[in-house]
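# Descriptive analysis of the structure
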Amino acid sequence: MRPFNWIYSICIFFLLAVSIPGLAIAKLNVVATTEDIASIVKEVGGDLVDVKAIAKGYQDPHLIEAKPSYMLKVNRADLLVYQGLELEVGWLPLLIQGGRNPKVLPGKPGHLDLSQAIAPLEVPTGTLDRSMGDVHPLGNPHYHLNPENGLLMAQSIADRLHRLDPANAEIYTNNLERFRHRLQNKIAEWKAKLEGFRGTRLVTYHATWLYLLDYFGFESIGTIENRPGIPPSSKHLAELSAVMQQTGTKTILQANFYDDEFSELLAGKAQGTVMILPVSVGGVTEATDYFSLFDVLTGELENAFSRP
Amino acid sequence: MKFIKSLSLALACALLGQTAFAEEKQYFDNRIETLETRVKQLESEKAKRETATSGSTTATGLSRYFNPAISINGLLLGTYVNQGRTDSTREVKTGFKVQEVEMRFTANVDSYLTGDLTIAFEGDEVEVEEIIASLLISNRLSLRAGKFFTPFGKHNLLHTHAFPFIDAPLINEEILGEEGINEVGVGLAVLLPAPWYSEIQLQFLEGDNALFKGALNDDFLYLAHWKNLVELGEELTAELGGSFAYGKNDLASGPYNSTQLAGADLTFKWKPAGRERYRTFVWQTEFINSSRDVDKKGIYTLMQYQFARRWWIQGRYDFLTLPRDQVGGGEVAQDKHRYSTLLAFVLSEFSALRLQYNYLDQFQSENEHQVFLQLNFTFGSHPAHSY
C-alpha cells in the first residue's frame, strides 16, 4: 500500500471511531450527580434516555472525587442534571471543565440545576463565614428528602427533556403525569403512616434530614455536629444529652456514610437509640428508586417510633 | 330523679363541649400549620432576594457581579537541619519562614475563554506562576495559552501548597530545577476515543529555563504527555502516564547541544465507598531520565494513608543517580538517597498542620537530618480538588 492510502485509511478509521457511537445510540445520554436524580430522570425519560449517576447512594455526596473516569461520562452526556446549592461544589466544576463537553456548560440547554425549581430551607441570613463550618450559603442542599420536591424536580427534568428532544415531548409529558400520580398516592400513604407521630422530637448527626423532618412534622432539637462538617466537642455532646433528657427525646438519626461513634456516645449518655438510614436511592439495597427510598425511610421511622 | 336528670344534662354538655373544643383545636392546629408553611416560604423568598441583591454594586457604582473567584493560600514553615549552621546561603536551613503565599483568581473571560491567574509571593520575590487563557474547541479538543506548569509527570503540575510532602521529590528539585518546568507557550489537549480516560497533551513552549535555554532565540521546547486512567472497581483507580520533552540547550555544540527528558508515572488511589471521609490510600511512583551534558536519572515512590478523619501518615523514598564514568569520580557512587516520613493533622478542608522528617544520604557530603513543620491554610472561595 502506498503511504497515501495508509493516511487515507487511518483518517477513515478515526472518522468511524468518532462517529459510530453517535449514530448507534439514539437515546439521550443523561448524567445525574446523584442516584435520586437518576431515578427521577428514569421515570420521566423512560426508554428514551440512558442515565448514569456519579455519586452512589451510599456515598457522601459532598466528598466525591473528580475522577477522570467521571469526566468521560460528562464528556459523552447530552444533559447534565445536578442537585445544586453547592452540594457538588468540590467536584462538579472540575468534571465540567475536564469533561470538555460544550453541550453541558453552564447556560447551555444540557446543563440543569434542579435547585432552581425548589424553595430551599435554611438559607443563612446575616454574616456568613467559614468559622461556622461547612455552611451552604445558598441553603440546605438535601432537598430531595421532601417528596413534594421530587415532583418539582421531575417537572423541571421533563421541561428540559422537551427542549432537548421535542419530537418525544408527548411521551415525556405522559411519563411525568404517571410519575406525579404514583408519587401523590405514595405521599398520601407515607403521610398516613407517620401522621400519628407528628411532633416527635429527635436529634440528627448532620443537617442532612432537615427536609424530611420538616415535611413529616418531626422536630429536631439539635445536631451532633454543632457546626456542619466539624466533629463535636464533648461539651456540646453533654449539653445535647441534657436537652434530650429534658425533652424526652430518644431517637438519634444519622446518615449511613458517617461513622456512628459520636451518635453511640450520645445515645449511651441520654439512653437513646441510634437510627442509621440511607439518604439517597441506592443507599441500601432495598432503596432501588425514589419511591422505595421513602418506603424505607418512613417504614424505619414508623417502626422506631412505635416501639414503647 | 331530678338530680339524675340534671347530672346527665351536665355530662352531655361537658361531652359536647369537649368535642366542640377538639374540633376547634383541630381547626387552629391546621391554621397554625398553614401559617408556619407560609412564613417559611416567605423567609426563603426573602433570603433569596437578599443574596441576589447584596454585593451587586460598590459605592462607585461599578458592578461587582463578574469579579473572579479568589482564593489565597499561606504556607508557614519551620525547619531544623543538623548540618550547615554557619552557612546562610543554604536552601534548607534551620529557622522560620513564609514558604509561600499564593493568590488564585479564576473566571470565565467571555463565552469562549476561561481565565486563570496564580501569583506567588516567596520571600521578597513576586512571580506570576500561572496566567492561562483556555479555550474549548470541541468535546475532544482544548487549547491553552499563557504561562503554566507543564504536564511533565504528576508532581510538576502541582502548586507548592498541594505537594504531597512539604518539599518536592529529588528528581523534581534536581533534574527539573527549583521552579519545575514552568513555561510560556501554547498547549493542545486531545481526549482520545478510548473506553478509559486517555488524553494526549502537546505543548510548544519558549524553553526559558536552566535545562532548555537554547543559544538561539528560535530554539523552542517541545513537550508531550500521555495520561491514562483506568477504574479498577469503584474504589480503586490506576493512572499511568508517560512524558517526553525535547529542546536545544546552550552548552557547546556537539553531542550535548540538546536536552531530552523522558518520564513515567504510575499512581494507585483507593477510597472506600461510603467511608470517603475516613480512609484514603495513595501510592505514587515517578521516574525521570534526563540526557544533557550528563545523564541524570532518578525515581521517587510515596505512599499516603489517611487512617482517621483528620489524620494522615505518609512515607517517601527518593533516589537520584549520576553515572560514575562521566563525572570523573572514579569508583565513587554519585547517588543520593532520601527517606521521608510525614504526619498530617488536617483540621478541615482549609487548614492542615504537617510534620515531616527527612534523612538525606548523599554523595561526598555529611548525611543530613531535616525536620519540617508546616501550617498550610487557604481562605476565600471554595477550591475544587483535582484528582
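Residues numbered from 1 in each chain as written. Chains lettered and ligands numbered in written order. Predicted model: local features only at pLDDT ≥ 70, side-chain atom pairs only at ≥ 80, totals over all residues. Heavy atoms only, no water.

Residue and element names in this part refer to chain B. In total, this model carries 21 salt bridges over all chains according to the counting rule given. D29 is paired through a salt bridge with K25; the nearest N and O atoms lie 3.2 Å apart. Pair noted here: D29 and K25 are both in helix 1 (residues 2–53), with a separation of 4 residues, about one helical turn. Its relative accessible area of 33% is what places D29 among the partly exposed residues. Take K25: its relative accessible area is 46%, and that puts it in the partly exposed class. (Salt bridge = Lys/Arg side-chain N within 4 Å of Asp/Glu carboxyl O. Helix = DSSP H or I, 4+ residues; strand = E, 2+ residues; numbered from the N terminus. Buried < 20%, exposed > 50% of the residue type's maximum accessible area, 1.4 Å probe, protein only.)

Here the focus is the confidence of the model for chain A. Per-residue confidence for chain A gives a mean pLDDT of 89, with 92% of residues at or over 70. For the stretch residues 15–25 of chain A, pLDDT sits under 50, and the model shows 2 contacts to residues farther than four places along the chain or on other chains. (pLDDT = per-residue confidence, 0-100. Contact = heavy atoms within 4.5 Å.)

Moving on, we come to the interface of chain B and chain A. Between chain B and chain A, the contact holds 44 residues from the first and 43 residues from the second. Summing both partners gives a buried area of about 3,900 Å² for chain B against chain A, and 54% of it is carried by carbon and sulfur. When the buried area of chain B at its contact with chain A is split by residue, Y197, R277 and Y387 of chain B rank highest and sum to 15% of it. On inspection of chain B and its partner chain A, the count reaches 5 salt bridges. (Buried area = accessible area lost by both parts, 1.4 Å probe.)

Let's shift gears to the packing of helix 6 (residues 169–194) of chain A against helix 10 (residues 290–306) of chain A. Residues and elements named next belong to chain A. As a packed pair, helix 6 and helix 10 sit with axes 10 Å apart at the nearest point and diverge in direction by 5°. Between helix 6 and helix 10, the angle falls in the class roughly parallel. Here F179, R182, L183, K186, E189, W190, K193 and L194 of helix 6 lie close against helix 10, whose contacting residues are Y290, F291, F294, D295, T298, G299, L301 and E302. Along the lines of polarity and charge, the residues of the contact of helix 6 with helix 10 split into 8 nonpolar, 2 polar and 6 charged. (Axes fitted to C-alpha atoms, helices over the stretch in contact; angles between N-to-C directions. Parallel < 35°, antiparallel > 145°, perpendicular 65-115°, else oblique. Nonpolar A, V, L, I, M, F, W, Y, C, P; charged D, E, K, R; others polar.)

Okay, the sheet that holds strand 3 (residues 79–82) of chain A next. All names here are of chain A. Read from one edge of the open sheet, 4 strands run 2-1-3-4, paired in parallel fashion. Only two strands of the sheet have a single partner each, and these edge strands are strand 2 (49–55) and strand 4 (111–113). When strand polarity is set aside, the average angle formed by the axes of neighbouring strands in this sheet is 20°. Two strands pair when backbone bridges link them, and strand 3 and strand 4 are joined in this way by 3 bridges, in the parallel orientation. When the bridges of strand 4 are listed, V81 appears paired with L112. Taken strand by strand, helix 4 (residues 92–99) contacts strand 1 (28–34), strand 2, strand 3 and strand 4, and its axis lies near 175° from that of strand 3. (Pairing = 2+ DSSP bridges.)

Attention now moves to the environment of T150 of chain B. Residue and element names in this part refer to chain B. Within the fold, T150 resides in the loop between strand 5 (141–149) and helix 2 (170–176). Residue T150 is classed as buried on the basis of its relative accessible area of 0%. Placed 33 residues apart in sequence, T150 and E183 show a C-alpha to C-alpha distance of 7.0 Å. Aside from chain neighbours lying at most four places away, what touches T150 is N156, L157, I181, E183, Q203, L205 and L223. Within polar-contact distance, the side chain of T150 engages the backbone oxygen of I181 at 2.9 Å. (Polar contact = N/O pair within 3.5 Å; in protein donor to acceptor, adjacent residues only side chain to side chain.)

Residues and elements named next belong to chain A. Relative to the helices and strands, N146 resides in the loop between strand 4 and helix 5 (147–164). Using a relative accessible area of 13% as the deciding quantity, one classes N146 as buried. A distance of 2.8 Å separates a polar atom in the side chain of N146 from the backbone nitrogen of E148. Non-local contacts of N146, meaning those with residues more than four positions away in its chain, are made with Y211, Y215, Y290 and F294.

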